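Structural features, examined
Below, each chain spelled out in residue letters.
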Amino acid sequence: MSEDTIANSFRRWGYLQAQLDYLGRIPKFEHSELDNVSGAEAQRYRDIYCGPIGVEFMHIPYPERTKWVQERMESEPAKHDQEYIFDRILLSDSFERFLHTRYVGTKRFSLEGLTTLIPLLDSILDRAAQLGFEYAMIGMSHRGRLNVMLHVTGVPAAAIFSGFEDVDPRSVLGSGDVKYHKGATGPFTGPSGSTIGVRLASNPSHLEAVNPVMMGRARARQERLGDEERSRVLTILIHGDAAFAGQGVNAETLNYADLRGFRVGGTVHIIANNLIGFTARPESLHSTRFASSLMHRLPTPIFHVNAEEPDAVYRVGEMAMDYRKEFLTDVLIDLIGYRRYGHSEIDDPTITHPELYEKIQQRPFLFERYGSQIGLSSEEIERREQNKIEIFSKELEQGRSMNRMPSLFTLPDYWDSYFGGPYDPTCEVDTAISKERLSEIVEKITSWPNDFHIHKKVQRVIEQRREMGEGKRQVDWGMAEALAFGSLLWDGTMVRLSGQDSRRGTFNHRHAALYDAETGAEYLPLRHLHEHQGTFDVYDSQLSEAAAVGFEYGFSRDYPEALVLWEAQFGDFANGAQIIIDQFISAGEDKWGLLAGLVMLLPHGYEGQGPEHSSARLERYLQLAAEDNMQVCSPSTASQYYHLLRRQVLRKWRKPLIVMTPKGMLRAAASSSPVSEFTSGAFYPVLGDPEYSDARKIIVCTGKIAHELAAERQRREDKQTAIVRLEQIYPLPEEQLSAVFASFPNASTITWVQEEPANMGALFFVRPHLERLAAGRNVTTVRRSASASPATGSPKAHSLEQEALLKLAFANYG
């Protein structure tokens, strides 16, 4: 057998027999191309590819990339500062042992068994800093987070210890989060002396949910810096083995690797792999030999490395970082070690893994073994360990003197002018624009180059929009949005919109991107307002919700002055992102003190399209609403939508905004607005009905049903019923509602009307407030009957239901 044949066998299959686990949990893999060769050449390649590093790279279809990995693996390993590596492992192990003895039985999710994660991050970050990277955005779950806070972001040990002391539990009643979920920031300086800023993201117990968030944050940082080469901001994602293999958000996130508008120039992935998931063995967690096999959806290398071989770990970190820099693509490091204790320190792992944990308890700590390996005596190792313990003891005393666990992060200065907390009326701003400015915007967004062959159907839409801007037609929803975007862009504000089919719009209503009917070339009018305008980006996203919403939430976290929007194809599709909505959007401020201004556009309304295309599940957002944590709005007219979007950006009160948007009403005359309402007025949380001041009955509603009620009132020639539209449902505009109710002195009944059944919609939220604000009036409700399904799938049945609903709404409750 030739040397090339032998070499290629080991290059392709050597990882299958790599020495990755000294506890014997990875069974030997027999392979004829490896087992049936011998001799000096075979042994040389066996040492390279079947030692403590096993690399999967021959599946990559790009010869220059496979050659790069091959040359790095087969070259003589660089010498690293073993004293530095030893000290980092000693620090990590000593910190964990100190916590274990001082806080017995307290959860901390120890890193012991994987403490080479710290020198691994050292090698990646130090190399990144040398290569010119300025920031590293790190996402990880709870395992080892405290160690990373201390040794990577530079959080003082005293601050971490104060979290264990729980000195003032009343200070965080009803808010905050556990210490191993919190984020941290700080500069990291590696052994080369190079420095890079590190931002470790806060993360909930949904282990992998932070991954798309960090990609969005990294992309936003790159946009801010003009980092088109993706060489200044680095993304690092640290996964658990069970979570990486099992949680679908990882597949979604990986798919963003090279998508326009979402790529970050490659992410360095690390699996902190202890070959166990809580109590489950690998054979219960993934159908492949390695937890990392999901990574095969991308043409990238996978470096498996034995966590008990620090020199190999450090070498792999540098190789991975160099690869990411060279090819601007993802790379994965599978760091295989073990877990010295149970899932947490209060869990007894011997119940389910008695033999394994008997072996683990007999293993020396890594710093002891590695110290001996590099020539340190046992006495010297013990002396150095004691020095670390003394340092931690002093930090402990300082931590006990703190009133509470301090903030571990510093926000970038671009957050300085924004605030959260309770609503402050002084934050309100003027959202109208001048007639002259509107005319300038209309001219630009209804024009295209002379040599551009616009599609005939789209041309008619654009021509109608020009007529809207000139006052010859009412302004519909799509034009109102274009005017909102254009007016913000004109003044330098960035606008970013993504979602499934968002460039055209699910309902053919947006046309943000025009396509040449002959060449397919694209033209985006909103990018051609003037030379110094804001950046306009609109992207069709992949067919997912969890990663999509997470990405845009992350983008809004690092670009607070931008209008960042995610649009669902249909409103209820957002349920695929429920973890992001629950854990980040609604709770991020309360848990972590982190603000975000993401706008979610959720098409909503009962129009006979079936259960999955009717309701955006308004009730779910209202259930999450508390302490002014977000805004939930359902604008009923085009001008209301326009002012709402402008208000979201121009106000400094930064909160997520959930918008129930229309479908069938997008072009309806009832929801269209005169152009004068864009150069005057504002977003009104409540719209009264002043022409019906003598009404005997008040109907209160939100969204599309208001227009159907108005049409029914006209059909009945009813002069006794006023229709009040609640445009902002949360925070509930109580003062405005009270004022509007007072404008109907003869009304004795207030009726809440919704097209949703009783277990959906805003009924549960609104009715108690109406009863409190009714001032003695009778309060009633009209809605569909209770149902587990939001709507019928038959248009005819829907029409009958709607007819019955409107009839009930106008019944005499007086």
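Residues numbered from 1 in each chain as written. Predicted model: local features only at pLDDT ≥ 70, side-chain atom pairs only at ≥ 80, totals over all residues. Heavy atoms only, no water.

Before going further, it helps to examine the sheet that holds strand 3 (residues 184-189). Strands pair in a sheet through their backbones, by hydrogen bonds, and they do so in one of two ways: parallel or antiparallel. Strand order across the open sheet formed by eight strands is 1-7-8-6-5-2-4-3, with mixed pairing between neighbours. Each of the sheet's edge strands pairs with one partner strand only, and the pair in question is strand 1 (53-56) and strand 3. The sheet shows a mean angle of 20 degrees between the axes of neighbouring strands, direction not considered. Where strand 7 (residues 302-306) lies against strand 8 (residues 331-336), five bridges are found, and the strand directions are parallel. Paired with N306 across the bridge in strand 8 is I336. Packed onto the sheet, helix 9 (residues 210-225) meets strand 2 (135-140), strand 4 (195-200), strand 5 (233-240) and strand 6 (267-273) and runs at close to 170 degrees relative to strand 2. (Pairing = 2+ DSSP bridges. Helix = DSSP H or I, 4+ residues; strand = E, 2+ residues; numbered from the N terminus. Axes fitted to C-alpha atoms, helices over the stretch in contact; angles between N-to-C directions. Contact = heavy atoms within 4.5 Å.)

Burial analysis of strand 16 (residues 657-661) places five of its five residues in the buried class, which makes it a mostly covered element. Alternating positions in strand 16 separate into two faces, L657, V659 and T661 on one and I658 and M660 on the other, with burial throughout. Bridge count for strand 14 (residues 599-603) against strand 16 is five bridges, and the pairing is parallel. Across the sheet, M600 pairs through a bridge with I658, a residue of strand 16. Bridge count for strand 15 (residues 631-633) against strand 16 is three bridges, and the pairing is parallel. Each bridged residue has a counterpart across the sheet, and for C633 the counterpart in strand 16 is V659. Remark: the strand 15/helix 23 (residues 638-650)/strand 16 crossover connection has right-handed handedness. (Buried < 20%, exposed > 50% of the residue type's maximum accessible area, 1.4 Å probe, protein only. Right-handed = clockwise from strand over helix to strand, strands pointing away.)

Turning to the side chain of S639, a few remarks are in order. Note on placement: S639 falls in helix 23. Discounting chain neighbours no more than four positions away, the residues touching S639 are S673, E677 and F678.

A few words on the environment of R384. Among the secondary structure elements, R384 is positioned in helix 15 (residues 378-400). A sequence separation of 294 residues divides R384 from L90, and the C-alpha atoms of the two residues are 8.2 Å apart. Residues contacting R384, with those up to four places away along its chain left out, are E83, F86, L90 and L376.

The pLDDT averaged across the chain works out to 94; a share of 97% of its residues lies at or above 70. Here residues 170-174 is modelled with pLDDT under 50, and outside its nearest four sequence neighbours on either side it reaches three contacts, counting other chains as well. (pLDDT = per-residue confidence, 0-100.)

In helix packing, the relevant descriptors are the interaxial angle and the interaxial distance, both defined with respect to the helix axes. One way to put it is that helix 5 (residues 82-102) packs onto helix 15 with a least axis distance of 9 Å and a crossing angle of 55 degrees. Viewed along their axes, helix 5 and helix 15 adopt a mutual orientation that is oblique. When the axes of helix 5 and helix 15 are compared, the crossing they make is right-handed. Here E83, F86, D87, L90, L91, S94, F95, R97, F98 and R102 of helix 5 come into contact with helix 15, specifically with I381, R384, E385, K388, I389, F392, S393 and L396. Taken together, the residues that form the contact of helix 5 with helix 15 break down as nine nonpolar, two polar and seven charged. (Parallel < 35°, antiparallel > 145°, perpendicular 65-115°, else oblique. Left-handed = near helix turned anticlockwise from the far one by under 90°. Nonpolar A, V, L, I, M, F, W, Y, C, P; charged D, E, K, R; others polar.)

Before going further, it helps to examine the pattern of salt bridges. Considering all chains together, one arrives at 46 salt bridges under this definition. Among the charged side chains, a network of salt bridges with common partners joins R72, R127, E318 and D322. (Salt bridge = Lys/Arg side-chain N within 4 Å of Asp/Glu carboxyl O.)

This brings us to the environment of R404. Within the secondary structure, R404 sits in the loop between helix 15 and helix 16 (435-445). R404 sits in the partly exposed class, given a relative accessible area of 43%. Sequence separation between R404 and G14 is 390 residues, and the spatial gap between their C-alpha atoms is 52 Å.

Reading across the sheet, the five strands line up as 17-19-18-21-22 and stay open at both edges, with mixed pairing between neighbours. Only two strands of the sheet have a single neighbouring strand rather than two, namely strand 17 (686-687) and strand 22 (778-784). Here six bridges tie strand 21 (residues 749-757) to strand 22, and the two strands are oriented parallel to one another. Counterpart to V753 in the pairing with strand 22 is V782. Of the strands in this sheet, strand 19 (721-726), strand 21 and strand 22 are in contact with helix 26 (residues 763-773), which crosses strand 22 at around 165 degrees.

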